[in-house]
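Residue-level structure breakdown
Here is how the chains run, residue by residue.
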Amino acid sequence: MGSRPHRAGVVLGGGRTGRRCRFPPPPPSALAAASGFVTGAAVSNLKDVLASMIPKEQAKIKSFRQQHGSTTIGQITVDMVYGGMRGMKGLIYETSVLDPDEGIRFRGYSIPECQKLLPKAAGGEEPLPEGLFWLLVTGEMPTQEQVTWLSREWARRAALPSHVVTMLDNFPTNLHPMSQLSAAITALNSESKFARAYAEGIHRAKYWEFIYEDAMDLIAKLPCVAAKIYRNLYREGSSIGAIDPNLDWSHNFANMLGYAEPQFIELMRLYLTIHSDHEGGNVSAHTSHLVGSALSDPYLAFAAAMNGLAGPLHGLANQEVLLWLTDLQKELGTDVSDEKLRDFIWNTLNSGRVVPGYGHAVLRKTDPRYSCQREFALKHLPQDPLFKLVAQLYKIVPNVLLEQGKAKNPWPNVDAHSGVLLQYYGLKEMNYYTVLFGVSRALGVLAQLIWSRALGFPLERPKSMSTKGLMQLVGYKSG
């Protein structure tokens, strides 16, 4: 499973132009901060915090199962079985919960609460994703020092092995960015500390420690992989530059993409925070949980999750929204009346298509992730034509869907807005949008993967039935 030691300063590659670049080792001050603690009472090394939390959580769950292991918690219907297991309660996922009426809560905190309480960069107003990761892993709001520790720790771990860089540079330009991302993540499993430790026969009580190391390494490297893909496909293979250990994760990612505008960096902080997790039943989260339950290392589990995220019914939806909006603009122009817009929506529905960006499998209200992006747009780009169109649709589409009577949720979801913001700041390559989603989703699914191994969750293996068997089970008799 790849026994090469990790080396700071591994060649990252210079793309198709032949230029080379390296990640320099962080300065001594950054290494000191990454070594474990920051002055003060709060422990800043995340692994040390986890080590003190896990035994208490294990004992709590053991006691709970002893008392309620046989308690019934739900009823499965035939429609659920045929409907993609929709709504079945059959999975433990600690990091977030999706309520149909109030939306996502990260460890009990709503998105507005996270925006208010999570630490921010100096001079910034949006939460840092590092803070959300700390919250997802520990359930506790981090201090500024703890978030700074994470930023520097990820910078320290960011170097890519040369074989992954070579593979990315050799991919054909017609290979979709998500396919490149998934392949690169799979190839990164040469660096898996968990896979090496498992092969050497570690005790299962220590699994979480190596999953933690792999999760931290993978999160650190993902922006480098994603930026390399972007530069190769859309910027003629130009160098992504070096990681600055004094900058936060999102700031470094934006720099590597080639976007230094402060508002875009703020957008990245918001985007990478709100797309991070969405409880455990969605395709990408469930896939990582399922594959991880086989004790596949985090690289393999997350690569599988990205293959699910790439589907048009999941992460690719933000791209479909933007395509629909641009087609609408081409047909009706940039200044369209509400009446014409209403007719266009009805024509879309009557032709058997859906209005992309509206509705959700679980939510029954406006997605809070849509709302916070709308607030960002109202603040920073209120006169942008595409945003004004999205705002106009927000007033019209729900009423049309309610009038049609088929939609359980006529309100907009997160995908209705994100592409508009990215377009405004010049990131117009729609095929790439799901890669950004994937970088963010790592925070949630890898935080959960640490806990899945810490709590000893077993191999996931639900029972399937044939249609004939199900008919016999419920006593069905055909006419």
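Quantities reported herein were computed from a predicted structural model and do not represent experimental measurements.

To continue, consider the overall build of the protein chain. Along the protein chain, the regular secondary structure elements total 21 helices and three strands. Across the 479 residues that make up the protein chain, the buried fraction comes to 52%. Restricting the contact set of the protein chain to residue pairs at least 6 apart, pairs at least 24 apart contribute 77%. Accessible surface computed for the protein chain: about 21,600 Å², of which carbon and sulfur atoms make up 53%.

Direction vectors running N to C along helix H11 (residues 249-257) and helix H12 (residues 262-274) enclose 120 degrees, while the axes themselves pass 9 Å from each other. In terms of their interaxial angle, H11 and H12 are classed as oblique. Two packed elements cross with a definite hand, and for H11 against H12 that hand is right-handed. Touching Trp249, Ser250, His251, Phe253 and Ala254 of H11 are Phe264, Ile265, Met268, Arg269 and Leu272, all from H12. Within the contact of H11 with H12, the residues separate by chemical class into seven nonpolar, two polar and one charged.

With that settled, the discussion passes to the packing of aromatic side chains. Applying the stated criterion across every chain yields a total of 14 aromatic pairs. With a centroid separation of 5.7 Å and an interplanar angle of 55 degrees, the aromatic rings of Trp324 and Phe344 are classed as tilted. With Trp324 in helix H15 (residues 317-332) and Phe344 in helix H16 (residues 338-350), this pair connects stretches of sequence that are 20 residues apart. When sorted by exposure, Trp324 lands in the same class as Phe344, which is buried. Three or more aromatic residues joined by ring pairs make a cluster, and in this case those are Tyr230, Tyr234, Tyr259, Phe264, Tyr424, Tyr425 and Tyr432.

Quick look at unusual backbone geometry now. Despite not being glycine, Met85 shows a phi value in the positive range, around 60 degrees. Secondary-structure assignment places Met85 in the loop between helix H3 (78-82) and strand S1 (96-99).

Take the nonpolar core next. Grouped together as the largest cluster of nonpolar side chains are 126 residues, with contacts concentrated most on Phe133, Phe253, Phe302, Leu325, Leu393, Leu427 and Tyr432. Not counting the four nearest positions on each side in its chain, Phe302 is found in contact with Ile185, Leu218, Leu222, Gly438, Arg441, Ala442, Val445 and Leu446.

Counting through the fold element by element, Asp297 comes out in the loop between helix H13 (283-293) and helix H14 (298-309). Among buried Asp, Glu, Lys and Arg side chains, Asp297 stands out as unpaired, with Arg196 the closest opposite charge at 9.2 Å. Of note is the side chain of Asp297, whose polar atom sits 3.0 Å from the side chain of Asn189. Of the polar contacts made by the side chain of Asp297, one reaches the backbone nitrogen of Leu300; its length is 3.1 Å. Not counting chain neighbours up to four residues away, the residues in contact with Asp297 comprise Asn189, Ser192, Phe194, Ala195 and Asp214.

Moving on, we get to the pairing of strand S2 (residues 103-106). When S1 meets S2, the two strands line up antiparallel, connected through four bridges. Bridging from a neighbouring strand, Leu98 pairs with Ile104 of S2. Joining the antiparallel neighbours S1 and S2 is a turn of three residues. In this sheet, strand S3 (residues 109-110) lies alongside S2 in antiparallel orientation, the contact comprising two bridges. Residue pairing in the sheet places Phe106 in a bridge with Tyr109 of S3. Following S2, the chain reverses through two residues before pairing antiparallel with S3; Arg107 in that reversal takes a positive phi of roughly 50 degrees.

So, on to the confidence of the model for the protein chain. As a note on interpretation, predicted positions should not be read in detail where pLDDT is low. Mean pLDDT for the protein chain: 88, with 90% of residues reaching 70 or above. Long-range and interchain partners of residues 1-40, a stretch whose pLDDT sits below 50, account for 99 contacts in this model, where long-range means more than four residues apart.

What follows covers H11. When you tally the buried positions in H11, you get eight out of nine residues, the bulk of the element. Listed in full, the buried residues belonging to H11 are Trp249, Ser250, His251, Asn252, Phe253, Ala254, Met256 and Leu257. Those residues of H11 hidden inside the fold are in contact with helix H5 (129-138), helix H6 (144-156), helix H10 (207-234), H12 and helix H20 (433-454). Where H11 starts, the residue carrying a side-chain oxygen 3.2 Å from the main-chain nitrogen of Ser250 turns out to be Asp248. Immediately downstream of H11, the backbone of Gly258 shows phi near 105 degrees, a positive value.

Spatial ordering of the open sheet is given by S1-S2-S3, a layout of three strands whose pairing is antiparallel. Each having just a single partner strand, S1 and S3 make up the two edges of the open sheet.

Reading the values: rules and limits
- Residues numbered from 1 in each chain as written.
- Predicted model: local features only at pLDDT ≥ 70, side-chain atom pairs only at ≥ 80, totals over all residues.
- Heavy atoms only, no water.
- Helix = DSSP H or I, 4+ residues; strand = E, 2+ residues; numbered from the N terminus.
- Buried < 20%, exposed > 50% of the residue type's maximum accessible area, 1.4 Å probe, protein only.
- Contact = heavy atoms within 4.5 Å.
- Areas by Shrake-Rupley, 256 points an atom, 1.4 Å probe, with all protein chains shown as cover.
- Axes fitted to C-alpha atoms, helices over the stretch in contact; angles between N-to-C directions.
- Parallel < 35°, antiparallel > 145°, perpendicular 65-115°, else oblique.
- Left-handed = near helix turned anticlockwise from the far one by under 90°.
- Nonpolar A, V, L, I, M, F, W, Y, C, P; charged D, E, K, R; others polar.
- Phe/Tyr/Trp six-rings, centres within 6.5 Å; stacked < 30°, edge-to-face > 60°.
- Core = buried A, V, L, I, M, F, W, Y, C linked by side-chain atoms within 4.5 Å.
- Lys, Arg positive; Asp, Glu negative; His and termini not counted.
- Salt bridge = Lys/Arg side-chain N within 4 Å of Asp/Glu carboxyl O.
- Polar contact = N/O pair within 3.5 Å; in protein donor to acceptor, adjacent residues only side chain to side chain.
- Pairing = 2+ DSSP bridges.
- pLDDT = per-residue confidence, 0-100.

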